[in-house]
Structures are given as structure tokens and as C-alpha cells.
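# Working through the structure, step by step
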Amino acid sequence: MSNYFAHESSYVDDNVKIGENTKIWHFSHVLSGTTIGNNCSFGQNCVVGPKVNIGNGVKVQNNISIYEGVEVEDDVFLGPSMVFTNVINPRSFIVRKEEFKVTLLKKGCSIGANATVVCGNTIGKYALIGAGSVVNKDVKNFALMVGVPARQIGWVSVAGNRLEFDENNIAVDTFDNTKYKLENNEVSLLEK
């Protein structure tokens, strides 16, 4: 008996590993060779795979396809109808599966609804991509990105709150009193 839930309208192919307490909702399809961690949630009308690795605690909202080449670490949030590409120059009449680019979503990042992530880019830890943005380059850890193309407008905490740095380049998130340091245009989390 499996320790995950898949709605009766969804398909889970053979040769798939799905972790405990993961939920796969209506009209979704998990393709062969895919590994999904524990405590994940996939909304309706999602396609995952083939050969995709999803970490633990990942939340995938409705209408998302996660293609081969996309790697998703733990605690990532994917907003409704956001899009991944997998080839830079697609043509319907040319098979380019050998040209799939790797797209990496690092731990805790969030991608807003209807955003597009162009293949071959890395989204840093705890970065926040605004709804409708188009990411066409790597995104730093804790970066706040918006627009088309996406541009950085600030920094966010692990909790997703905007960080305001003082004269010593230190910011404190009032959510949990975590401290952050801005140095050389990079943000790092300091000990509590």
C-alpha cells in the first residue's frame, strides 16, 4: 500500500518514487523515472517528468508542467500556471531532447503565478519571483525579482519578508528575528 495520495483521475506511471504524505490532485500525470519527496502537494492539471527530481515539502499549484531538466530542491513553492521552458530555440519540426537545459530551483525559493523561468538558469535559495515575471538569468539567494525581464528590486528573508538593511548592512526579519548581512551584493543568513 502506498503512503501517498493520488486522485483517481490522475496517472502515476511505473518506475516512479513518491514520498510519504505527498498529494497529487485531479488530472495530473507523473511520468516514469520521476522521484518526488515527502510532504509535497501537486494541484490539478500538473505534469511531472519524465526523469525529474522533486525535493521534500514542495508545493506545486494548478496547471504546471515540470519537464526533464528541471531540478527542484526542498520547500520550493510554484505558483499557479507558472511555466518552465526546456529548450532555448524550440521548433515543432526539430527534435531537441538532447539540448534540454538544466534549470535548478534551490531550497525555499518561490515562483509567483504566471511567471516564466527560461531554461538553463538557477533560482537561488529563498529567492522570490513576482507573479508574471520572466526569469532569463540566474537569481541570487534571497533576491526579490519582478518584471519582464525579471530584475532585482530588493532582498527577502527566509519567511519571504522584504529586508531593509541598516548602515552596517544588517537586516532583522521581525517574523522570527533572524538576522541577515548584505556584503558584496550578496545576502547571507546570520545566526540568531
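What counts as what
Residues numbered from 1 in each chain as written. Predicted model: local features only at pLDDT ≥ 70, side-chain atom pairs only at ≥ 80, totals over all residues. Heavy atoms only, no water. UniProt positions renumbered as here; feature names shortened; annotations may be inferred. Helix = DSSP H or I, 4+ residues; strand = E, 2+ residues; numbered from the N terminus. Rg over C-alpha atoms; globule rule 2.2 N^0.38 Å. Buried < 20%, exposed > 50% of the residue type's maximum accessible area, 1.4 Å probe, protein only. Contact = heavy atoms within 4.5 Å. Lys, Arg positive; Asp, Glu negative; His and termini not counted. Charge placed at Lys NZ, Arg CZ, Asp CG, Glu CD. Pairing = 2+ DSSP bridges. Axes fitted to C-alpha atoms, helices over the stretch in contact; angles between N-to-C directions. Polar contact = N/O pair within 3.5 Å; in protein donor to acceptor, adjacent residues only side chain to side chain. Salt bridge = Lys/Arg side-chain N within 4 Å of Asp/Glu carboxyl O.

The name given to the chain in an unreviewed UniProt entry is N-acetyltransferase, with the source organism recorded as Halarcobacter bivalviorum. Regarding the chain, the relevant UniProt record gives this comment under Sequence similarities (unreviewed entry): "Belongs to the transferase hexapeptide repeat family."

## Quick look at the overall build of the chain
Counting its regular elements, the chain contains 0 helices and 25 strands. Compactness check: the chain gives a C-alpha radius of gyration of 18 Å against a globular reference of 16 Å for 192 residues, within 12% of the reference. Seen through its principal axes, the chain has C-alpha atoms that stretch 55 × 45 × 25 Å. Counting all 192 residues of the chain, 39% fall into the buried class. Sequence separation of at least 24 residues holds for 16% of the intrachain contacts in the chain that already meet a minimum separation of 6. Positive and negative charge centroids in the chain, built from 18 and 20 side chains respectively, lie 4 Å apart.

## Description of the sheet that holds strand S24 (residues 178–183)
Two strands in a sheet stick together by hydrogen bonds in their backbones, pointing the same way (parallel) or opposite ways (antiparallel). Pairing is antiparallel in the open sheet, where 3 strands are placed in the order S23-S24-S25. Taken across any chain shown, the strands that pair with only one partner, and hence form the sheet edges, are strand S23 (170–173) and strand S25 (186–190). Going from strand to strand, the sheet's axes swing by 30° on average, the running direction of each strand aside. Pairing of S24 with S25, which is carried by 5 bridges, proceeds in the antiparallel orientation. Opposite glutamate 183, over in S25, you have glutamate 186 as the bridge partner.

## Focus on the environment of histidine 26
On the secondary structure map, histidine 26 appears in the loop between strand S4 (23–24) and strand S5 (29–30). Note: C-alpha distance between histidine 26 and threonine 103 (77 residues apart in sequence) is 26 Å. Residues contacting histidine 26, with those up to four places away along its chain left out, are His7, Ser9, Ser10, Gly43, Gln44 and Asn45. In terms of polar contacts, histidine 26 uses its side chain to reach the side chain of histidine 7, at 3.2 Å.

## With respect to the pattern of salt bridges
On inspection of all chains with the given rule, the structure shows 4 salt bridges. One salt bridge in this structure joins glutamate 68 and lysine 51, with 3.9 Å as the shortest N-O distance. Of this pair, glutamate 68 sits in the loop between strand S11 (65–66) and strand S12 (70–72) while lysine 51 sits in the loop between strand S8 (47–48) and strand S9 (53–54), and the two are 17 residues apart along the sequence.

## Observations regarding the environment of glycine 79
Mapped onto the elements, glycine 79 comes out in the loop between strand S13 (77–78) and strand S14 (83–84). With 35 residues separating them in the primary sequence, glycine 79 and asparagine 114 have C-alpha atoms 7.2 Å apart. Ignoring anything within four residues of it in the chain, the contact list for glycine 79 reads Gln61, Ile64, Ile111, Gly112 and Ala113.

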